[in-house]
Amino acid sequence: NAMIAAYSQNGYTKEALTLFRQMQLIGTAPDMITFVSILDACASVAALAEGMESHAKIVDRGFETEVVVGNALVNMYGKCASLDDAKSAFCKMPQHNTISWNTMITAYSQNGH
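Here the structure is a predicted model, which means the values were calculated and not measured.

Quick notes on the rules
Residues numbered from 1 in each chain as written. Predicted model: local features only at pLDDT ≥ 70, side-chain atom pairs only at ≥ 80, totals over all residues. Heavy atoms only, no water. Helix = DSSP H or I, 4+ residues; strand = E, 2+ residues; numbered from the N terminus. Rg over C-alpha atoms; globule rule 2.2 N^0.38 Å. Buried < 20%, exposed > 50% of the residue type's maximum accessible area, 1.4 Å probe, protein only. Contact = heavy atoms within 4.5 Å. Areas by Shrake-Rupley, 256 points an atom, 1.4 Å probe, with all protein chains shown as cover. Lys, Arg positive; Asp, Glu negative; His and termini not counted. Charge placed at Lys NZ, Arg CZ, Asp CG, Glu CD. Disulfide = S-S within 2.5 Å. 1 Å grid on protein atoms, 1.4 Å probe; cavity = no way out; pocket = protein on both sides within 12 Å on 5 of 7 lines; lining within 4 Å. Points joined across faces, edges and corners; volume = space filled by probe spheres on them. Nonpolar A, V, L, I, M, F, W, Y, C, P; charged D, E, K, R; others polar.

Trainee: Just checking my understanding: could you explain the overall build of the chain for this structure?
Mentor: What the chain contains, in helices and strands, is seven helices and zero strands. For the chain, whose C-alpha radius of gyration is 13 Å, the value lies close to the compact-globule estimate of 13 Å for 113 residues. In terms of its C-alpha atoms, the chain occupies a principal-axis envelope of roughly 40 × 25 × 20 Å. Looking at the chain as a whole, 40% of its 113 residues are labelled buried. Restricting to contacts in the chain with at least 6 residues of sequence separation, those with at least 24 account for 57%. When the accessible surface of the chain is split by element, carbon and sulfur atoms take 56% of a total near 6,200 Å². Taken as two groups, the 7 positive and 10 negative side-chain charges of the chain have centres that lie 2 Å from each other.

What follows is the structure, encoded as C-alpha coordinates:
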(Lines give C-alpha, C1' and ligand atoms only; values in the text may rest on other atoms or scores of the structure.)
Protein backbone atom coordinates (compact mmCIF):
# COMPACT_ATOMS: atom_id res chain seq x y z
CA ASN A 1 0.00 0.00 0.00
CA ALA A 2 2.71 2.45 0.92
CA MET A 3 4.55 2.04 -2.38
CA ILE A 4 1.37 2.29 -4.47
CA ALA A 5 0.33 5.43 -2.57
CA ALA A 6 3.81 6.94 -2.90
CA TYR A 7 3.92 6.28 -6.63
CA SER A 8 0.41 7.65 -7.12
CA GLN A 9 0.98 10.79 -5.05
CA ASN A 10 4.24 11.61 -6.81
CA GLY A 11 3.10 11.26 -10.40
CA TYR A 12 4.40 7.75 -11.07
CA THR A 13 1.04 6.48 -12.26
CA LYS A 14 2.33 3.67 -14.50
CA GLU A 15 4.45 2.36 -11.65
CA ALA A 16 1.49 2.46 -9.26
CA LEU A 17 -0.72 0.56 -11.70
CA THR A 18 2.04 -1.97 -12.44
CA LEU A 19 2.65 -2.60 -8.75
CA PHE A 20 -1.10 -2.97 -8.19
CA ARG A 21 -1.28 -5.65 -10.91
CA GLN A 22 1.77 -7.44 -9.51
CA MET A 23 0.27 -7.38 -6.03
CA GLN A 24 -2.83 -9.13 -7.30
CA LEU A 25 -0.85 -11.66 -9.34
CA ILE A 26 0.92 -12.89 -6.22
CA GLY A 27 -2.41 -13.22 -4.41
CA THR A 28 -2.35 -10.15 -2.18
CA ALA A 29 -5.86 -8.77 -1.90
CA PRO A 30 -6.18 -4.99 -2.14
CA ASP A 31 -7.83 -3.16 0.74
CA MET A 32 -9.68 0.16 0.81
CA ILE A 33 -6.47 2.18 1.03
CA THR A 34 -5.04 0.38 -1.98
CA PHE A 35 -8.15 1.14 -4.01
CA VAL A 36 -8.16 4.82 -3.01
CA SER A 37 -4.55 5.12 -4.18
CA ILE A 38 -5.24 3.30 -7.45
CA LEU A 39 -8.33 5.40 -8.17
CA ASP A 40 -6.24 8.52 -7.54
CA ALA A 41 -3.65 7.25 -10.02
CA CYS A 42 -6.35 6.54 -12.60
CA ALA A 43 -7.85 10.00 -12.06
CA SER A 44 -4.51 11.74 -12.55
CA VAL A 45 -4.13 10.36 -16.09
CA ALA A 46 -7.83 9.91 -16.98
CA ALA A 47 -7.42 6.12 -17.13
CA LEU A 48 -11.13 5.35 -17.24
CA ALA A 49 -10.83 1.68 -18.24
CA GLU A 50 -8.46 0.90 -15.36
CA GLY A 51 -10.65 2.89 -12.98
CA MET A 52 -13.74 0.98 -14.05
CA GLU A 53 -11.88 -2.30 -13.60
CA SER A 54 -10.93 -1.24 -10.09
CA HIS A 55 -14.53 -0.18 -9.43
CA ALA A 56 -15.72 -3.69 -10.28
CA LYS A 57 -13.20 -5.13 -7.82
CA ILE A 58 -14.33 -2.62 -5.19
CA VAL A 59 -17.91 -3.83 -5.60
CA ASP A 60 -16.76 -7.46 -5.36
CA ARG A 61 -14.92 -6.68 -2.11
CA GLY A 62 -17.89 -4.78 -0.65
CA PHE A 63 -16.07 -1.46 -0.31
CA GLU A 64 -18.34 0.62 -2.57
CA THR A 65 -20.41 2.04 0.29
CA GLU A 66 -17.39 3.28 2.28
CA VAL A 67 -17.28 7.08 2.17
CA VAL A 68 -13.55 7.35 1.44
CA VAL A 69 -13.83 4.87 -1.44
CA GLY A 70 -16.99 6.53 -2.75
CA ASN A 71 -15.25 9.90 -2.75
CA ALA A 72 -12.32 8.41 -4.68
CA LEU A 73 -14.73 6.89 -7.22
CA VAL A 74 -16.56 10.18 -7.73
CA ASN A 75 -13.22 11.96 -8.13
CA MET A 76 -11.88 9.41 -10.61
CA TYR A 77 -15.03 9.40 -12.74
CA GLY A 78 -15.21 13.19 -12.66
CA LYS A 79 -11.60 13.60 -13.78
CA CYS A 80 -12.21 11.01 -16.51
CA ALA A 81 -15.21 13.09 -17.72
CA SER A 82 -17.67 10.28 -16.97
CA LEU A 83 -20.26 12.34 -15.10
CA ASP A 84 -23.03 9.73 -15.21
CA ASP A 85 -20.71 7.28 -13.45
CA ALA A 86 -19.60 9.97 -10.98
CA LYS A 87 -23.23 10.73 -10.15
CA SER A 88 -24.04 7.04 -9.85
CA ALA A 89 -21.13 6.47 -7.43
CA PHE A 90 -22.22 9.52 -5.44
CA CYS A 91 -25.83 8.34 -5.23
CA LYS A 92 -24.80 4.86 -4.09
CA MET A 93 -22.96 6.30 -1.10
CA PRO A 94 -25.11 5.82 2.01
CA GLN A 95 -23.54 8.90 3.61
CA HIS A 96 -21.97 12.04 2.22
CA ASN A 97 -19.48 14.32 3.92
CA THR A 98 -18.16 17.71 2.87
CA ILE A 99 -15.53 16.04 0.70
CA SER A 100 -18.24 14.05 -1.09
CA TRP A 101 -20.23 17.16 -1.94
CA ASN A 102 -17.16 19.16 -2.97
CA THR A 103 -15.92 16.31 -5.16
CA MET A 104 -19.26 16.04 -6.95
CA ILE A 105 -19.47 19.82 -7.43
CA THR A 106 -15.90 19.86 -8.77
CA ALA A 107 -16.70 17.02 -11.19
CA TYR A 108 -19.58 19.02 -12.64
CA SER A 109 -17.65 22.28 -12.82
CA GLN A 110 -14.58 20.69 -14.46
CA ASN A 111 -16.82 19.24 -17.12
CA GLY A 112 -18.65 22.43 -18.05
CA HIS A 113 -21.77 22.17 -15.89
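Having put the structure on the table, let's press on.
Trainee: How should I be thinking about the state of the cysteines in this particular structure?
Mentor: Two cysteines joined by a covalent bond between their sulfur atoms form a disulfide. This model, assessed by the stated rule, comprises zero disulfides. This cysteine, C42, is not joined by any disulfide, and C80 carries the nearest cysteine sulfur, 7.0 Å off. By relative accessible area, which is 0% here, C42 ends up buried. Distance from the sulfur of C91, which forms no disulfide, to the nearest cysteine sulfur (C80) is 18 Å.

Trainee: Help me out: how do you make sense of empty space enclosed by the protein in this one?
Mentor: By rolling a water-sized probe across the atoms, one finds the places where empty space is left. The tally for this structure, following the rule as stated, stands at two cavities of 30 Å³ or more. The calculated volume of the largest cavity comes to roughly 70 Å³. Along its surface, the largest cavity is lined by L17, F20, R21, Q24, I38, C42, E50, E53, S54 and K57. Those elements giving two or more residues to the lining of the largest cavity turn out to be α2 (13-25), α3 (32-44) and α4 (48-61). Across the lining of the largest cavity, the residue classes break down as four nonpolar, two polar and four charged. In this structure, the second largest cavity occupies an estimated 30 Å³ of space. In this structure, the second largest cavity is lined by V74, N75, G78, K79, T103, T106, A107 and Q110. Here the lining of the second largest cavity is built from residues that sort into two nonpolar, five polar and one charged.

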